[in-house]
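Overview (structure and organization)
Chain by chain, the residues:
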Amino acid sequence: MAAQFKQNGFVRFKSVRFSASLSSLSPFGRARTLALGLALAGTLTACGSTHTIQPVTTGYVGSVAADEPSAALVARDILAKGGNAADAATALGFALSVTLPSRASLGSGGACLAWRPGDAAGQAFIFLPKAGTADAKADRPAAVPMLARGLFLMHLGYGSVEFGQLVAPARSLAAQGVSVSGLLATDLNAVKAPLLSDDAVRAVFGNDDDGAALGANDILLQPRLAGALERLRIAGVGDLYNGALGQTFVEGAQAAGGGLSKADLRAALAATQTPLSARADGVDISFLPPPADGGLGMAVAYLAGGRGARAEQVVAAWRARPAAQQGVAQAQAVLEGGAVPTGGALPPLPASTSFVVTDRMGETVSCALSMNNLFGTGRIAGSTGIILAASPTRLPQPLLPVAIAHQGGQFRAAAAASGQNVAADTAAIALHAAISGVRPQVTQGLGRANLVSCPQGLPGAGACFGWTDPRDYAQPQPPVVAPPAPLHPAKRRK
């Protein structure tokens, strides 16, 4: 890495130009990466290639916006070595299973949206946590782990380098240790009493010195999880669902009261879907489709421009429909002028996390992930080191709002958010800011957005920036999000 220097409050690296906000260096916030501007190489061979990614030393391109900094740095490194957005997003997702297991362990699930120039609307990859068949009899019913299958399917369609290379950084983080971020420290503090009552969990997330949970900047070591990730790197994702790793996982899950079986693992498949699509002010926008219905709530809120029902109300009414009326076609009809469902409210929703990755050619991947509960069931699947996500039969599905905007074949903006019940509304506000080319100004609130904006389009000569909420997580407050402050006043939406 080339020598670093400071300029205008940002740290920049010559040759790969990485920028991270210094405003978040609080006891909880050393951990927030605002944007990563990166260089990368030309297109590599198709998925499954044995081509090794190589360093690149010139040019700017690509941004990463994520809730957790160490995982964001992994994505930066993949881009800097020549990987594309799908490669970097895959590596980031696996890294989160190490650095943010409270919201995105290998036991988690979620959904991703991918787009590249030439796509009409891109493609959605749905891998929500699924219930096991023995759910009703389990002591702590766990969800079938879907993260690895979902990331693999997304990478199969959009990636460019060998899959195993993208698992290796996560394996190294687990084996060598990683600094606990402010977000993970806050999550641990929120549930430390019940979480640390389990010996296996306390051995990983407890502090040997005083028996308390690990705090911000403590080192988190997960050697057993490193072993599971190494199996995925060497034997492939199938080993978790049909191989020796899967057998070990099932045994550990059953011992932890999760109630999962080998048949559950084999049957749980990730799926591709056509995204929801809308056009506003000449910009085409793709949203995650049902069953990731946070995308529908985000789309309705975005198109209403703050003048309609809250996204939570839209999704509450949507979920009240008969299952046969909750398909992608019905959701698309709502966006095309059908009656917008409103009414009611959702129960308190599980925590989640999100990220956006864009490369220099405009390929973009954005994902939202969840454990269906903070730290899922609060149990580890034996010697795999994998924290079990909670079954969706016992808890409501989180809102997973993700969107990508493009215009004339060029990438314009992408946004995603977490924040429990306000996640979709937060994502809609963030998307307005990203398309307008402004950085949001946030005050109090649970909503946490990640966005990438290229006001002049990408690929192109215009500047792009990534943004993530700069606040720490020490004191969550009622949701209030201020209107965005102008970055380029001439480019504001009319």
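The structure reproduced in this document is the subject of the present report. (Residues numbered from 1 in each chain as written. Predicted model: local features only at pLDDT ≥ 70, side-chain atom pairs only at ≥ 80, totals over all residues. Heavy atoms only, no water.)

Here we look at helix α13 (residues 311-319)
Applied cut-off: Only protein chains enter the area calculation, which uses a 1.4 Å probe; residues under 20% of their type maximum are buried, those over 50% are exposed, and those in between are partly exposed. Only DSSP runs of H or I reaching four residues or more are called helices, and only runs of E reaching two or more are called strands; each is numbered from the N terminus. Contact criterion: two residues are considered in contact whenever any of their non-hydrogen atoms come within 4.5 Å of each other.
The buried count for α13 comes to 7 of 9 residues, which makes it a mostly enclosed element. Taken as a whole, α13 has its buried residues at Ala-311, Glu-312, Val-314, Val-315, Ala-316, Ala-317 and Trp-318. Contact partners of the buried residues in α13: α12 (294-304), α14 (328-335) and α15 (423-436).

Points about the pairing of strand β3 (residues 63-66)
As a reminder, the rule being used: When DSSP finds two or more bridges between a pair of strands, those strands are recorded as paired.
Burial along β3 is two-sided: Ser-63 and Ala-65 and Val-64 and Ala-66, pointing in opposite directions, are all buried. Bridging between β3 and strand β13 (residues 352-358) involves 4 bridges; their strand directions are antiparallel. In the sheet register, Val-64 faces β13, and the bridge partner there is Val-357.

Some points on the sheet that holds β13
Consider a sheet: its strands pair through backbone hydrogen bonds, and that pairing is either parallel or antiparallel. The test is simple: To obtain each axis, a line is fitted to C-alpha atoms, and for helices this fit is confined to the stretch in contact; angles are then taken between N-to-C directions over 0 to 180 degrees.
Across the sheet, which stays open at both edges, the 6 strands sit in the order β3-β13-β14-β4-β5-β10 with antiparallel pairing between neighbours. Since the sheet does not close on itself, it has two edges, and those belong to β3 and β10 (271-273), each with one partner. The average undirected angle you get between the axes of adjacent strands in this sheet is 15°. Sheet topology note: the strand β5 (residues 123-127)/β10 ladder contains 3 bridges and is antiparallel.

Examining the packing of α12 against α15
Rules: Note on angle classes: values under 35 degrees are labelled roughly parallel, values over 145 roughly antiparallel, values of 65 to 115 roughly perpendicular, and the remainder oblique. If you view the pair so one helix is near and one far, a crossing is left-handed when the near helix is turned anticlockwise from the far one by less than a right angle, and right-handed when it is turned clockwise. Amino acid classes used here: Ala, Val, Leu, Ile, Met, Phe, Trp, Tyr, Cys and Pro are nonpolar; Asp, Glu, Lys and Arg are charged; the rest, including Gly, are polar.
Look at α12 against α15: their axes get within 8 Å of each other, and the N-to-C directions meet at 55°. In terms of orientation, α12 lies oblique with respect to α15. Read as a crossing pair, α12 and α15 show a hand that is right-handed. Here Gly-294, Gly-297, Met-298, Ala-301 and Tyr-302 of α12 lie close against α15, whose contacting residues are Ala-424, Asp-425, Ala-427, Ala-428, Leu-431, His-432 and Ile-435. The residue makeup of the contact of α12 with α15, split by class, is 8 nonpolar, 3 polar and 1 charged.

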